[in-house]
Amino acid sequence: MGGAADELEVVIPYTGPTTTAAALDHAVALTAGLNARVLLVAVHALPYPLPFICPTLVHAHLVEQLMELANHCSLPVQPQVVLARDREEGFRFALKPASTVLVATHRHFWRTEEEKLARSLAHEGHKVALMHIA
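The structure presented is a predicted model; accordingly, all values stated were derived computationally and were not measured.

The rules behind each value
Residues numbered from 1 in each chain as written. Predicted model: local features only at pLDDT ≥ 70, side-chain atom pairs only at ≥ 80, totals over all residues. Heavy atoms only, no water. Buried < 20%, exposed > 50% of the residue type's maximum accessible area, 1.4 Å probe, protein only. Helix = DSSP H or I, 4+ residues; strand = E, 2+ residues; numbered from the N terminus. Pairing = 2+ DSSP bridges. Right-handed = clockwise from strand over helix to strand, strands pointing away. Salt bridge = Lys/Arg side-chain N within 4 Å of Asp/Glu carboxyl O.

## Quick look at the pairing of strand β2 (residues 36-45)
Next up, step 1: With respect to burial, β2 is a largely interior element, nine of its 10 residues being buried.
Next up, step 2: With six bridges connecting them, strand β1 (residues 8-13) and β2 associate as parallel partners. Along β2, the bridge assignment pairs L8 with A36.
Next up, step 3: After leaving β1, the chain enters helix α1 (residues 17-30) and then returns to the sheet as β2, a path that is right-handed.
Next up, step 4: Bridge count for β2 against strand β3 (residues 77-84) is eight bridges, and the pairing is parallel. Of the residues in β3, the one forming a bridge with H44 is L83.

## A word on the pattern of salt bridges
Next up, step 1: Counted according to the given criterion, the structure contains six salt bridges.
Next up, step 2: Residue E124 is joined to R92 by a salt bridge in which the shortest nitrogen-to-oxygen separation is 2.5 Å. Placement of the pair is E124 in the loop between α4 (113-123) and β5 (127-133) and R92 in helix α3 (residues 87-94), with a sequence separation of 32 residues.
Next up, step 3: The partner of K116 in a salt bridge is E113, and the shortest N-O contact between them spans 3.5 Å. Linking K116 with E113, this pair stays in helix α4, spanning three residues, or about one helical turn.
Next up, step 4: On the basis of relative accessibility, which here comes to 38%, the residue K116 falls in the partly exposed class.
Next up, step 5: Salt bridges sharing common partners tie together E7, E9, R37 and K96.

Encoded structure:
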């Protein structure tokens with residue numbers, strides 16, 4: 001064995017610098033002793049009236065944020081920026097069927113966007129862990 005099939009891929013949606021950093025730290029702890037890697041996905045959503053192109057500065061800024069987060073993680077991290085009309089649509093495009101997804105969110109009294117994303121991805125058949133941070 002020992003091939004890519006033995007590797008666990010954990011997908012972490014970029015939801016902000018602090019929540020994503022916490023999710024990466026948690027992924028390291030959860031996968032200790034496993035052959036794991038992280039797919040770090042940022043979705044740049046463009047509403048319909050705008051042309052379907054990502055301005056170079058915006059793309060460069062997203063890539064820079066992802067690379068900075070990846071450099072602080074002890075797991076191998078593959079950063080990916082997805083351009084989509086809708087945030088959830090972008091994540092659907094980036095995920096393989098039945099992906100393992102770790103979503104971090106701040107604790108609030110109301111349902112957060114991250115919680116809505118986690119619920120939507122779970123309904124689509126992905127294995128989703130939702131992590132609340134202080």
